[in-house]
Amino acid sequence: MTTDLLTNAPEVEAPVFPPRPPRQGRPTPHISSMDEYKKMYEQSIADPATFFGKMAQDLLTWFKPFGKVTFGSFKEGNVSWFLDGQVNACYNCVDRHALANPDKIAIIWEADEPNQHVSISYGTVLAEVSRLANVLKKYGVRKGDTVAIYMPMVPEAVYAMLACARIGAVHSVVFAGFSADALRDRMLDAKCKILITADQGKRGGKTIQLKKIADEALAECPSVHTVIVFQRTGDAAVPFHPPRDVWWHDETMNQRPYCPCEPMNSEDPLFMLYTSGSTGKPKGVLHTTAGYLLGVTATTKYIFDLHEDDVHGCMADVGWITGHSYIVYGPLANGVTTILFESIPTYPNAGRYWELVDKHKVTSFYTAPTAIRALRRLGDEHLQPYNLDTLRVLGSVGEPINPEAWMWYYKVVGRERCAIVDTYWQTETGSIIITPLPGATPSKPGSATLPFFGVDVAVLDPQTGKELVGTGVTGVLAVRSSFPSIARSIYDNHERYMDTYLKPYIGYYFTGDGVTRDKDGYYWIRGRVELDVINVSGHRMSTAEIESALVQHAACAEAAVVGIPDELTGQAIVCFCTLKTHTAPQATDQTLLAALTSQVRSHIGPFATPKRIVVTPDLPKTRSGKIMRRILRKVAAGDVGEEDVLNEDVLRLKLGDLTTLADPGVVAALVKRVATSQ
Ligand code: ATP
Ligand code: MG
């Protein structure tokens, strides 16, 4: 276990923003005071069986009632919820709303081109999902089989997930930006027999050759016997190999638009999903049916404060857990309208998100700090033409949001009228675990604030594993007892699950993230324990803190900070910065470098003086937009030379798994910049 963690962080002082009272004509929040939150939270921890037993009856529709509410422990690795209940996730997300109100809009699909969108009713979703479920059955898919989904952001991607859930197949969605190798590895690992994909994808005006990439992957996956191909573009040049390949439209046309739902045991698997790979080889995280579904239904309802007529706009991709939980399962289980966005925030211009909010009257909006920082960098004028008045809740997820970006989101996007919810969670937790609640929690920019119901958070001393009690403590973030949506295993590798999450600190779920609990009991996520803490001459500091200081400089758009070995000080700080376009001075400008250095010194202290600041056009990010510090650390340490960049194998050897890197070209540019700016 790593020992790299700041153990004596200063008390965090931050401004506090109380919840905004609801504007006229807007609904009263579900949880409307701190007292109410505290009362419910305490009850959820003291008596989870009663709390979640009632919630599961209130929020989900069961085919057969469950018996015992919760069983098993982190110690044993046998966590289970709602034992012997029978439920179907698709029924809860589609049928129950379609039966009551078939014309209600379930999905608004905003296509890549801004003038194209389609509104799809719950009744239509039921018919389309049923047809596809019948196709899957025809090709031999049965309860418990794994189906790979490699789809662009089209409604059919959602239908594919729900069709699997309907018949009890386990879906494994692979983000459509992944390469053939990454897709192949995931299909082999999950032993898939069926792949659902599309001819091509569209994103930011570009065409992605999904079927071609899939074919490359399939060449080394002999167990996949059927490939269902959805026609997104209809390009005649797309390769097609019958009888293995079948067209989605041909197949579904011949199927009945109704298919019964398979009654699933609460603990039957619903899906598996690979983590982002920020820290190493991705893990095939396994989620089960009832606990996951309850977790996402409850968090979507309370954290985005969803009411009957709301339109929820989560800008993630369905290929990530955020898309699974907060585009598909959470909003649909609540029966609201969910937005499915095919494009990118800067296509055709940086006003795209705001145009979408205006056009579809979005009430809650959810994106990642990387997008918020990018849009802040491009300037406020892109928001001017749009009416954002319908917005009530603005969410952030994926990385710590630095206070500068938080304030921009709050002031410029939210016009100081919206709640900002900085939601902390992981692929493994299935749903949000630390977050403010819009009507209740006073916010502090940069803090994910307080735990959600049922999440019993502990801060542990990284070395001894002892709980650090009280306030003003920093350690590793762990959870004391299970909550419904926590992952149950890693697919076909329960030992890795135990080793990664449950064995580091016996009796706890270990998140891998460092955290500070401040004087008010608020939680501040400080990044990965192994990577995101730097120790300079015994001073431990989190990379997030230094990055926040840098981003406060007017010219700096984004910053990533790493520690490299240093003979004198143990570790030394290296900062990588990108600049705002319209204020961009010369990258080698000595005045700028000096200003950035003094920014860090004055915000954190002279002990945090960077050894080096590298101004670079771009940072290496995962395909979900997270900065990959493990790459930066090696580049900064000089482990990779300019000649290594030319050879892919050498690069992989030196830098580890690069399949999750969004733009492989970034590495060469970085290495060059580091070499020349010496
Ligand atoms: P891998 O586990 O493969 O390294 P990953 O951890 O990036 O990849 P995810 O499950 O997508 O994969 O991300 C979860 C992580 O993202 C958390 O452990 C945390 O480090 C970070 N994170 C998510 N939300 C927040 C947030 N609101 N504040 C701070 N960090 C966050
Ligand atoms: Mg992780």
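Residues numbered from 1 in each chain as written. Chains lettered and ligands numbered in written order. Predicted model: local features only at pLDDT ≥ 70, side-chain atom pairs only at ≥ 80, totals over all residues. Heavy atoms only, no water.

The protein chain is annotated in an unreviewed UniProt entry as Acetyl-coenzyme A synthetase of Spizellomyces punctatus. Quoted straight from UniProt, the Catalytic activity (unreviewed entry) entry for the protein chain says "acetate + ATP + CoA = acetyl-CoA + AMP + diphosphate". The Sequence similarities (unreviewed entry) field of the UniProt record for the protein chain holds the comment "Belongs to the ATP-dependent AMP-binding enzyme family." (UniProt positions renumbered as here; feature names shortened; annotations may be inferred.)

1. Focus: the pairing of strand S21 (residues 457-460)
Neither face of S21 is open: one carries Val-457 and Val-459, the other Ala-458 and Leu-460, and all of them are buried. By the bridge criterion, four bridges tie S21 to strand S22 (residues 473-479) in an arrangement that is antiparallel. Note that in S22 the partner of Ala-458 across the bridge is Ala-478. (Buried < 20%, exposed > 50% of the residue type's maximum accessible area, 1.4 Å probe, protein only. Helix = DSSP H or I, 4+ residues; strand = E, 2+ residues; numbered from the N terminus. Pairing = 2+ DSSP bridges.)

2. Quick notes on the pattern of salt bridges
Tallying each qualifying case throughout the model produces 39 salt bridges. Its salt-bridge partner being Arg-166, residue Asp-95 comes within 2.7 Å of it at the nearest N-O pair. Remark: Arg-166 occurs in helix H5 (residues 155-167) and Asp-95 occurs in helix H3 (residues 89-100); sequence separation between them is 71 residues. Both residues of the pair, Asp-95 and Arg-166, count as buried. The residue Lys-444 makes a salt bridge to Asp-520 at a minimum N-O spacing of 2.6 Å. Separated by 76 residues along the polypeptide, Lys-444 in the loop between strand S20 (419-422) and S21 and Asp-520 in the loop between strand S24 (509-517) and strand S25 (523-528) bring together distant segments of the chain. (Salt bridge = Lys/Arg side-chain N within 4 Å of Asp/Glu carboxyl O.)

3. Details of the packing of aromatic side chains
One pair of aromatic rings is described through two measures. These are the centre distance and the angle between the planes. Inspection of every chain in the model, using the stated rule, returns 35 aromatic pairs. An aromatic cluster of three or more residues is present, and its members are Tyr-37, Tyr-41, Phe-51, Phe-52, Trp-62, Phe-66, Trp-81, Phe-82, Tyr-302, Phe-452 and Phe-453. For Arg-186, the ring lying beneath its charged end belongs to Phe-178, and the centroid distance is 4.4 Å. Positioned above the aromatic ring of Tyr-274 is the side chain of Arg-186, whose terminal nitrogen or guanidinium carbon lies 5.3 Å from the ring centre. (Phe/Tyr/Trp six-rings, centres within 6.5 Å; stacked < 30°, edge-to-face > 60°. Lys NZ or Arg CZ within 6 Å of the ring centre and 35° of its normal.)

4. Focus on the domain arrangement of the protein chain
As assigned here, the protein chain comprises domain 1 (34-513) and domain 2 (533-677). Computed from C-alpha atoms alone, the centre-to-centre distance between domain 1 and domain 2 is 31 Å. Each partner contributes to the roughly 2100 Å² buried at the junction of domain 1 and domain 2, and carbon and sulfur atoms together form 50% of this total. Here domain 1 is connected to domain 2 by one salt bridge. Linking Glu-558 and Arg-373 is a salt bridge whose minimum nitrogen-to-oxygen distance equals 2.7 Å. Linking domain 1 with domain 2 are seven residue pairs in polar contact (both at pLDDT 80 or more). The set of elements that each furnish at least two residues to the side of domain 1 that touches domain 2 consists of helix H6 (180-189), helix H12 (369-378) and helix H13 (403-413). A per-class count over the side of domain 1 that touches domain 2 returns eight nonpolar, 11 polar and seven charged. (Domains from an automatic or database assignment. Buried area = accessible area lost by both parts, 1.4 Å probe. Polar contact = N/O pair within 3.5 Å; in protein donor to acceptor, adjacent residues only side chain to side chain. Nonpolar A, V, L, I, M, F, W, Y, C, P; charged D, E, K, R; others polar.)

5. Description of the sheet that holds strand S15 (residues 284-288)
The eight strands lie next to each other as S12-S11-S8-S6-S7-S14-S15-S23, forming an open sheet whose pairing is mixed. Two strands in the sheet have a free side with no partner beyond their single neighbour: strand S12 (245-247) and strand S23 (489-490). Where strand S6 (residues 146-150) meets strand S7 (residues 170-173), four bridges bridge the pair, whose relative direction is parallel. Residue pairing for S7: Ile-149 is matched across the bridge by Val-173.

6. With respect to the side chain of Thr-616
The residue Thr-616 is located in the loop between strand S30 (612-615) and helix H17 (629-636) in this model. In this structure Thr-616 comes out as buried when scored by relative accessible area, which is 4%. Here Asp-618 takes part through its backbone oxygen, which lies 2.9 Å from a polar atom of the side chain of Thr-616. With near-sequence residues (within four places) excluded, Thr-616 lies in contact with Phe-576, Cys-577, Thr-578, Leu-670 and Arg-673. (Contact = heavy atoms within 4.5 Å.)

7. Remarks on empty space enclosed by the protein
Scanning the entire structure with this criterion turns up five cavities of 30 Å³ or more. For the largest cavity, the lining is made up of 15 residues, of which Arg-20, Pro-22, Pro-29, Arg-392 and Arg-417 are closest to its centre. Residue classes in the lining of the largest cavity are distributed as eight nonpolar, one polar and six charged. (1 Å grid on protein atoms, 1.4 Å probe; cavity = no way out; pocket = protein on both sides within 12 Å on 5 of 7 lines; lining within 4 Å. Points joined across faces, edges and corners; volume = space filled by probe spheres on them.)

8. A closer look at unusual backbone geometry
Only a minority of non-glycine residues have a phi that is not negative, and only a minority of peptide bonds are not trans. In the segment running from Pro-242 into Pro-243, the intervening peptide bond is cis, with an omega of 5°. On the secondary structure map, Pro-243 appears in the loop between strand S11 (226-230) and S12. Look at the link from Tyr-347 to Pro-348: it is a cis peptide, with omega at -5°. Inspection of the secondary structure puts Pro-348 in the loop between strand S17 (337-341) and helix H11 (352-360). One non-glycine residue, Phe-82, adopts positive backbone phi at about 55°. Take Phe-82: it is sitting in the loop between strand S2 (80-81) and strand S3 (86-87). On the basis of relative accessibility, which here comes to 0%, the residue Phe-82 falls in the buried class. Of note, Arg-415 is a non-glycine position whose phi angle comes to about 50°, a positive value. Locating Arg-415 in the fold gives a position in the loop between H13 and S20.

9. Quick look at the environment of Gly-330
Along the chain, Gly-330 falls in helix H10 (residues 321-333). For the pair Gly-330 and Ile-432, spaced 102 residues apart in the sequence, the C-alpha separation amounts to 11 Å. When residues no more than four places from it in sequence are discounted, the contact partners of Gly-330 are Val-296, Thr-300, His-324 and Ser-325.

10. Here's the deal with the sheet that holds strand S5 (residues 117-121)
Reading across the sheet, the seven strands line up as S5-S4-S17-S16-S18-S19-S20 and stay open at both edges, with mixed pairing between neighbours. Of all the strands in the sheet, just S5 and S20 have a single pairing partner and so form its edges. Ignoring strand direction, the axes of neighbouring strands in this sheet form an average angle of 20°. Bridge analysis of strand S4 (residues 105-110) against S5 gives five bridges, and the strand direction is antiparallel. (Axes fitted to C-alpha atoms, helices over the stretch in contact; angles between N-to-C directions.)

11. Some points on the packing of H12 against H13
For the pair H12 and H13, the least separation of the axes is 10 Å and the interaxial angle reads 70°. The pairing of H12 with H13 is recorded here as roughly perpendicular in orientation. Contacts between H12 and H13 involve Ile-372, Arg-373, Leu-375 and Arg-376 on the former and, on the latter, Glu-404, Ala-405, Trp-408 and Tyr-409. (Parallel < 35°, antiparallel > 145°, perpendicular 65-115°, else oblique.)

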